[in-house]
Amino acid sequence: MPFHRLAAALLLCTAALPAVLPAVGALLQPNSNCQTMSKCGELDIPYPFGIGSDDSPDHCALPGFNLSCRSNAAGILRPFHHDVEVTDIMLHQAQIRMRMDMSSSCYDISRGKMRYNDWSLNLTGTPYRFSDTGNKFTVVGCRTLAYIGDQDDVGNYTSGCVAMCRRGDVTTLTNGSCSGIGCCQTAIPKDLRYYKVWFDPDFNTSEIYSASPCSYAALVEASEFRFSTSYATSPAFNATYGGQPPLLVDWAVGDEPCEVAKKKAEYACVSSNSECFNSLNGPGYICNCSKGFQGNPYLVDGCGDIDECNVDVAHYPCSVKGTCHNIPGEYKCICPHYTKGNAYNGSCERGQALPLKATISIGVCTCLLAGLVVFLGIEWVKQKKRIQRQDYVRKMNECFQMNGGQLLRDMMKVESNISFKLYHREEIESATNNFDSAAIIGEGGQGTVYIGHNLDPSNNPVAIKICKGFDESRRTEFGKELLILSRVNHQHIVKLLGCSLQFEAPVIVYEFVPNKTLHYLIHAHNDKFTRTLDIRLKIAAESAEALAYLHSLNHPIFHGDVKSVNILLGHDFSAKVSDFGCSLIRSVDENAQVVKGTMGYLDPEYLLNFNLTDKSDVYSFGVVLLELITRRRALSKDKESLVSVFKDAVEEGKLVELVDPEIADHDSMEVICQVAKLAGQCLAMTGSSRPIMSQVAEELRRLVGPMLHGTGQHHAGSPLTVQPRSSTNNAASDYTGEETSDYYSQKKKAAMSIEFAR
């Protein structure tokens, strides 16, 4: 185990011993030794940091800010936090810069397999947290998927990044570009104090090691990284930083905000000329000197006055030399005795007494001039508002034309009895209270959804979606496609009411479905009596009918993100398929390497050619069917795919163990097995082996019939039984609709479907 992992573990253990160690909140006032800044090599160590441990006689550090001073690998004295080297301490920014190890995944030719070197860093129980604004999780390689996550026993955060060179072609790499080709970056959340990095073994360089032998992943200070094509084809990335790239770490005192900490004796901003600021990255606070002062706010006399008058001639603060008078925190420019004027930005001259008439004349002229200035100021404000309004209207018109608004308006004039409406930008802004975050009711891969009011004539609320990931090449056709979508009229599809094309990204207005989603009903709802088998089958059948309807249109619509979250429920548990309005009518660029979908639901065949088809929706719907009968998530917290668990259970003859106990009674098992068999056919690895959506809908309606009559019997076809292990091959074929050997040859494709997010 690396030392910093062991040290972090010891920190967690000692945190549980309050009788031995002082709490972080029990801050100690700095002693006289802390007034002088200590050093380690050439690096200054300002208080609240210090060299040594809490029990040393000359201790000079706040709890948790202790550093050790020793030689690094190059023989240079540097401060260390346990075994992590500190290269810089920025007191006023409340940051330190560290050097952290880089994780790697390399193909070992001699062993004929991949060699992994994974690292983690634990700052739990310390004042430190990784900077969410200064760092990016960076992955370099031509065929790699790397993850970053927090502690296993917490499990609040997991993310990943995919770096690919399609078919191993390194000629597509571009210096300075980190957009997924050879290089990928992603942000981290706030208040992250532990991270570990690991690689997905299904993505490796065993087939392309001659062009790209290694992959690398690390949390790196974003401003210190610029991608070079050699990083993906050689060890240059690792060599550039000596295996330890820079990492920016925020720190804060205690775990309470300023207003609470100020009332306590342990308040750390002890300088009389200091101010407290709440940490922007997690709990706690930091200190800084007040305006006009500089120094160390954590020391009693640490913030000294800035003498603005004692500067070089080029930066003298007053326009008249010799008139600057320094005062605590600021300065004044005062004309000498017997002179008048403005020493800040004018001149100082000797004054002469003026006659009374001249004084009155000057006063009148001054008043008139002041009145004129006020009048001109009011007119200037009015003119500025007019210009702003003109810019606002011009921007709306530009967006309207760019998004194909004129074409849509012309087509709407030709259409008769059309209920589709073009909304004005100000209507949308008013309905969402200027897109207030409190109005957000959902956020998915295709956009953010707000609840809107006062748009519907009957005063019913509506759902307003701002599309994201918009295809610039199809802007002018978007209005036309929306008109096509407005003709979608199906009782189990969320109704498209209209749109506004006066924003940079199109805004779409849908009917509002007040109840929650199928995902909530399956995984979060407490009342099991609303989750009966007949209700589940009814929802599945209605959803399948909606998708089949979309696929059967003259201009077929492929949903592209079928999942339980996108199936809304009405008052009588009627299904409403949603979240397809921002997608294109058809796939546009078959060569585009942009993965759209959701982890656990993605069609593995789509990941090979990036071509969305109706069979992609069939695959995703098969995962939904598995959710309905197992009440398991498509992707577990341990990143285990429900599809893989299902196929392994079928192979081992243990399908019954997967079925949700709420519905697993003797009378229902025959119908449940038929649903499982249908799900397996939908999950066939090749699209050509899957049924079309209308066949799926028809089969579900056939299964719903017996359930609605309460018989629990399935009259058509033979019952599906769970085969013992000796009959594994036949069982797997029954459930997948393919030969078992074909399943094993393409199992890697299935693994890919859980590794990508939109």
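Preceding this paragraph is the structure being described.
Residues numbered from 1 in each chain as written. Predicted model: local features only at pLDDT ≥ 70, side-chain atom pairs only at ≥ 80, totals over all residues. Heavy atoms only, no water.

With respect to the pairing of strand 18 (residues 246–251)
Extensive coverage of strand 18 is indicated by the burial of six of its six residues. Every second residue of strand 18 is oriented toward a common face, with P246, L248 and D250 on one face and L247, V249 and W251 on the other, all of them buried. Where strand 7 (residues 95–99) meets strand 18, five bridges bridge the pair, whose relative direction is antiparallel. Residue pairing for strand 18: Q95 is matched across the bridge by D250. As defined by bridge partners, strand 11 (residues 128–130) adjoins strand 18 across three bridges and the pair is classed as antiparallel. By the bridge assignment for strand 18, Y128 is matched with W251. (Buried < 20%, exposed > 50% of the residue type's maximum accessible area, 1.4 Å probe, protein only. Helix = DSSP H or I, 4+ residues; strand = E, 2+ residues; numbered from the N terminus. Pairing = 2+ DSSP bridges.)

Section: a nonpolar patch on the surface
There is a patch of nonpolar side chains on the surface, built from L369, L372, V373, F375 and L376 and spanning about 500 Å² of accessible area. Looking at the element boundaries, V373 is found in helix 5 (residues 356–402). (Patch = residues over 30% accessible without salt bridge, like charges linked within 9 Å, V, L, I, M, F, W, Y side chains within 5 Å. Areas by Shrake-Rupley, 256 points an atom, 1.4 Å probe, with all protein chains shown as cover. Salt bridge = Lys/Arg side-chain N within 4 Å of Asp/Glu carboxyl O.)

Looking at the nonpolar core
Formed by 78 residues in total, the largest nonpolar core has its most connected members in L482, F621, L625 and L700. The dominant element in this core, judged by the number of residues it contributes, is helix 10 (residues 533–551), at eleven residues. Not counting residues within four places of it along the chain, the set of residues in contact with F621 comprises A540, S543, A544, L547, V562, M693, V696 and L700. Membership of the second largest hydrophobic core comes to 54 residues, among which are C60, V84, L121 and Y298. (Core = buried A, V, L, I, M, F, W, Y, C linked by side-chain atoms within 4.5 Å. Contact = heavy atoms within 4.5 Å.)

Comments concerning the sheet that holds strand 13 (residues 143–149)
Backbone-to-backbone hydrogen bonds pair the strands of a sheet. The strands run either parallel or antiparallel. The strand order 10-16-13-14 describes an open sheet built from four strands, whose pairing is antiparallel. A single partner strand is all that each edge strand has here, and the edge strands are strand 10 (120–122) and strand 14 (158–164). Mean inter-strand twist for the sheet, computed between neighbouring axes without regard to direction, equals 15 degrees. Bridging between strand 10 and strand 16 (residues 194–199) involves three bridges; their strand directions are antiparallel. Bridge pairing links L121 to Y195 in strand 16. (Axes fitted to C-alpha atoms, helices over the stretch in contact; angles between N-to-C directions.)

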